[in-house]
Amino acid sequence: MQTEKKLKSGIYLDVKEICKDVGKEFQVEFDQTASDLIAEMVWKKILLYGADLEAFSKHAERSTITVDDVKLLCRRNTSLREFIEKESHPVCIESEAFVPDINIKTISVFF
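The present account deals with the structure reproduced in this document. Because the structure is a prediction, the values reported are computed rather than measured. (Residues numbered from 1 in each chain as written. Predicted model: local features only at pLDDT ≥ 70, side-chain atom pairs only at ≥ 80, totals over all residues. Heavy atoms only, no water.)

**A short note on unusual backbone geometry**
Part 1 of the reasoning: Phi is positive for Gln27, which is not a glycine, with a value near 55°.
Part 2 of the reasoning: Within the secondary structure, Gln27 sits in the loop between α1 (2-26) and α2 (32-59).
Part 3 of the reasoning: On the basis of relative accessibility, which here comes to 74%, the residue Gln27 falls in the exposed class.
Part 4 of the reasoning: Despite not being glycine, Glu61 has its phi angle at roughly 60°, a positive value.
Part 5 of the reasoning: By the element assignment, Glu61 lies in the loop between α2 and α3 (67-73). (Helix = DSSP H or I, 4+ residues; strand = E, 2+ residues; numbered from the N terminus. Buried < 20%, exposed > 50% of the residue type's maximum accessible area, 1.4 Å probe, protein only.)

Here it is, written out as structure tokens:
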């Protein structure tokens, strides 16, 4: 349970930082309640994605979540699916620790 609190706290801090950055870029302000609500939505979505990924891997009788599970997760979001398709190839080739360069503009394309 302590780990979950740390993770949730990290999400809240990151979302607040992203809200500040987006606010500066678009010359708007996010009040405390708005950024808290966004952070809570992100947290709930992460929990849902985690459960879905786990279900996909179990359905395939695997104990490891693979790139195919992630592709299945984003199958209904065309732009995100295309991004995952493009980025998943270097992941397999380069290393398991590959992290694509994702910024606010990249993420906003998906939503």
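There is more to say after this.
**A closer look at the packing of α1 against α2**
Part 1 of the reasoning: The N-to-C vectors of α1 and α2 enclose an angle of 130°; their axes lie 9 Å apart at closest approach. The orientation of α1 with respect to α2, classified from their angle, is oblique. Where α1 crosses over α2, the two elements pack in a sense that is right-handed. Across the interface between the two elements, Glu4, Leu7, Lys8, Ile11, Tyr12, Val15, Lys16 and Cys19 from α1 touch Gln32, Ser35, Asp36, Ile38, Ala39, Glu40, Val42, Trp43 and Ile46 from α2.
Part 2 of the reasoning: In terms of residue class, the contact of α1 with α2 is built from 10 nonpolar, two polar and five charged. (Axes fitted to C-alpha atoms, helices over the stretch in contact; angles between N-to-C directions. Parallel < 35°, antiparallel > 145°, perpendicular 65-115°, else oblique. Left-handed = near helix turned anticlockwise from the far one by under 90°. Contact = heavy atoms within 4.5 Å. Nonpolar A, V, L, I, M, F, W, Y, C, P; charged D, E, K, R; others polar.)

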